[in-house]
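Fold and geometry: a report
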Amino acid sequence: LSTSITAVDVGEDGVLWLVTERLESAGFSSVSRFENGQWTSYRTNDPDLDISQASFRAAAVGPDGQAFAGTGGDGVTVFPADGDPAGVVAYDETNSSLRGASSNPSFIAVNDVAIDSDGAAWIISEPGTPMHRFDGQNWQGYAFPGQIPSTGRPKRIAIDEFDQKWLALASNGLGVWATGDPSTPADDRDVRFSGSARTGIGLPGSDVRDVVVDGQGRVWVGTDRGLAMISPDEGLLMTTIQALPGVSANALGLAPDGNLWVGTLEGLVRVDTASAHVTDEVVDLPGRSAQAMAVGPQGNIWVGTPTGLLVVDSRTGQL
């Protein structure tokens, strides 16, 4: 329904969910579900569907198969695992903790969603309250604790084994948010890293595009000028991956074999996470740039681009 795919995710059962932005020539955007070779699409202009009306920009699938689709102004829509339209629910300022600015509380842009170890969804949004927890029944909103400025505008979120939230803050750098007891914001702590490295230690660029956590607890950070890695064994020491200097790392995906795939303007690059070295394996995306990425349980890398969806086998690197 729209070829500009802004986000994609794959559930533990291998079911793919993706979202698109609204084309200027059409009055709708869409959410699509792919299972066993069959597509099901949900349009925002469907009068029989409880679905947000704005362009979509975020997608996440929980361990139960439930899918979250974040929009560019209408909050978040939640889909049941089986995709039954009767179970679709849209959340906004009327039925959740999501809030826009005081001047326009109904305008809520949801930038990303991540699922924690308890199966609860953590939703980052702007403007208004920046982060929210939804356990399937109850909502809780969180204001920035202090180190991350109110203008932080988080774009991506990843959750580590300690349930710390790592936030890609775009031009505001990288944020780490420890929420502690989810029922109260009183014990929250946060740290922000900004600027760029000059000695190979720190962020290679100040514009953070994406962040993921691997199975060893290492945090991988994609910036406008390259890739960095934070090792849990070295505190919060950030090491710039020197093999990708100046490369815009727009999207990150971890394959089942533990290797990291980096979506750039030129194509996909594989990073050997054991050695933190870039391999010779590069997948060209002819005339397209990766703006979203997800890796399925079988190793397929699903890449969303402005002109459609591509799939790459992470074992062979074949498009």
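Preceding this section is the structure that the text describes.
Cut-off values and rules
- Residues numbered from 1 in each chain as written.
- Predicted model: local features only at pLDDT ≥ 70, side-chain atom pairs only at ≥ 80, totals over all residues.
- Heavy atoms only, no water.
- Helix = DSSP H or I, 4+ residues; strand = E, 2+ residues; numbered from the N terminus.
- Rg over C-alpha atoms; globule rule 2.2 N^0.38 Å.
- Buried < 20%, exposed > 50% of the residue type's maximum accessible area, 1.4 Å probe, protein only.
- Contact = heavy atoms within 4.5 Å.
- Areas by Shrake-Rupley, 256 points an atom, 1.4 Å probe, with all protein chains shown as cover.
- Lys, Arg positive; Asp, Glu negative; His and termini not counted.
- Charge placed at Lys NZ, Arg CZ, Asp CG, Glu CD.
- Core = buried A, V, L, I, M, F, W, Y, C linked by side-chain atoms within 4.5 Å.
- Salt bridge = Lys/Arg side-chain N within 4 Å of Asp/Glu carboxyl O.
- Phe/Tyr/Trp six-rings, centres within 6.5 Å; stacked < 30°, edge-to-face > 60°.
- Lys NZ or Arg CZ within 6 Å of the ring centre and 35° of its normal.
- 1 Å grid on protein atoms, 1.4 Å probe; cavity = no way out; pocket = protein on both sides within 12 Å on 5 of 7 lines; lining within 4 Å.
- Points joined across faces, edges and corners; volume = space filled by probe spheres on them.
- Nonpolar A, V, L, I, M, F, W, Y, C, P; charged D, E, K, R; others polar.
- Pairing = 2+ DSSP bridges.
- Axes fitted to C-alpha atoms, helices over the stretch in contact; angles between N-to-C directions.

**Things to note about the overall build of the protein**
Helix and strand counts for the protein come out as zero helices and 27 strands. A globule of 319 residues ought to have a C-alpha radius of gyration of about 20 Å, and the protein, at 18 Å, matches this closely. Its C-alpha atoms put the protein at 55 × 45 × 35 Å along the principal axes. Taking all 319 residues of the protein together, 55% fall into the buried category. Contacts spanning at least 24 positions in sequence make up 42% of the contacts within the protein whose residues lie at least 6 apart. Surface exposure of the protein reaches about 13600 Å², of which carbon and sulfur atoms provide 45%. Averaged over its 19 positive side-chain charges, the protein has a centre that lies 7 Å from the centre of its 40 negative ones.

**Describing unusual backbone geometry**
A cis amide bond, omega -15 degrees, links Glu-126 with the succeeding residue Pro-127. Position of Pro-127 relative to the elements: it lies in the loop between strand E10 (121-126) and strand E11 (131-134). Backbone geometry at Asn-36 places phi at a positive 50 degrees, although glycine is not the residue there. Its location among the elements puts Asn-36 in the loop between strand E3 (30-35) and strand E4 (38-43).

**Points about the nonpolar core**
Counting residues in each nonpolar core, the largest one holds 15 residues, and the members touching the most others are Trp-17, Val-19, Val-31, Tyr-42 and Phe-79. Looking at this core, the element that brings in the most residues is strand E5 (residues 56-61), giving three residues. Apart from residues lying up to four places away in sequence, Phe-79 is in contact with Trp-17, Val-31, Tyr-42, Ile-51, Gln-66, Ala-67, Ala-69 and Val-88. By size, the runner-up hydrophobic cluster in this structure holds 14 residues, among which are Val-176, Val-211, Val-221 and Ala-228.

**Things to note about the pattern of salt bridges**
On inspection of all chains with the given rule, the structure shows nine salt bridges. Its salt-bridge partner being Glu-126, residue Lys-155 comes within 2.8 Å of it at the nearest N-O pair. Residue Lys-155 is located in the loop between strand E12 (139-142) and strand E13 (156-159), and its partner Glu-126 is located in strand E10; the two are separated by 29 residues in the primary sequence. With relative accessibility at 10%, the residue Glu-126 sits in the buried group. Among the ionic pairs, Arg-156 bridges to Asp-210, the shortest N-O distance being 3.7 Å.

**Here's the deal with the packing of aromatic side chains**
As enumerated under the stated definition, the model contains 10 aromatic pairs in all. Aromatic pair Tyr-91 and Trp-139: ring centres 5.3 Å apart, planes at 55 degrees, arrangement tilted. Of this pair, Tyr-91 sits in strand E8 (residues 89-91) while Trp-139 sits in strand E12, and the two are 48 residues apart along the sequence. By relative accessible area, which is 14% here, Tyr-91 ends up buried. Centroid distance Phe-134 to Trp-139: 4.5 Å. Interplanar angle 20 degrees. Geometry classified as stacked. There is no split in this pair, since Phe-134 and Trp-139 are both buried. Here the aromatic residues Trp-17, Tyr-42 and Phe-79 are joined through ring pairs into a cluster of three or more. Here the guanidinium or amino end of Lys-165 rests over the ring plane of Trp-122, the centre of that ring lying 3.8 Å away.

**What to know about the layout of surface pockets**
There is about 1200 Å³ of room inside the largest pocket. Residue lining of the largest pocket: 40 residues in total, with Asp-9, Val-10, Val-61, Val-212 and Val-295 positioned closest to the centre. Those elements that place two or more of their residues in the lining of the largest pocket are strand E1 (5-10), E5, strand E9 (108-115), E13, strand E17 (208-213), strand E21 (251-254) and strand E25 (292-295). Considering only residue class, the lining of the largest pocket consists of 24 nonpolar, eight polar and eight charged. For the second largest pocket, the lining is made up of 14 residues, of which Thr-6, Arg-57, Lys-155, Arg-156 and Gln-291 are closest to its centre. For the lining of the second largest pocket, the elements supplying multiple residues, two or more each, are E5 and E17. Considering only residue class, the lining of the second largest pocket consists of three nonpolar, five polar and six charged.

**Some thoughts on the sheet that holds E1**
Strand order in the open sheet formed by four strands is E1-E2-E3-E4, and the pairing between neighbours is antiparallel. The open sheet has two edge strands with one neighbour each: E1 and E4. Pairwise comparison of adjacent strand axes, ignoring direction, gives a mean angle of 15 degrees for this sheet.

**Quick notes on the environment of Gly-75**
In this fold, Gly-75 is placed in the loop between strand E6 (67-73) and strand E7 (76-79). On the basis of relative accessibility, which here comes to 0%, the residue Gly-75 falls in the buried class. Spatially, the C-alpha atoms of Gly-75 and Ser-30 are 14 Å apart, while their sequence positions differ by 45 residues. With residues up to four places along the chain from it excluded, the contact list for Gly-75 reads Ser-52, Ala-69, Gly-70, Tyr-91, Leu-98, Ile-108 and Val-110.

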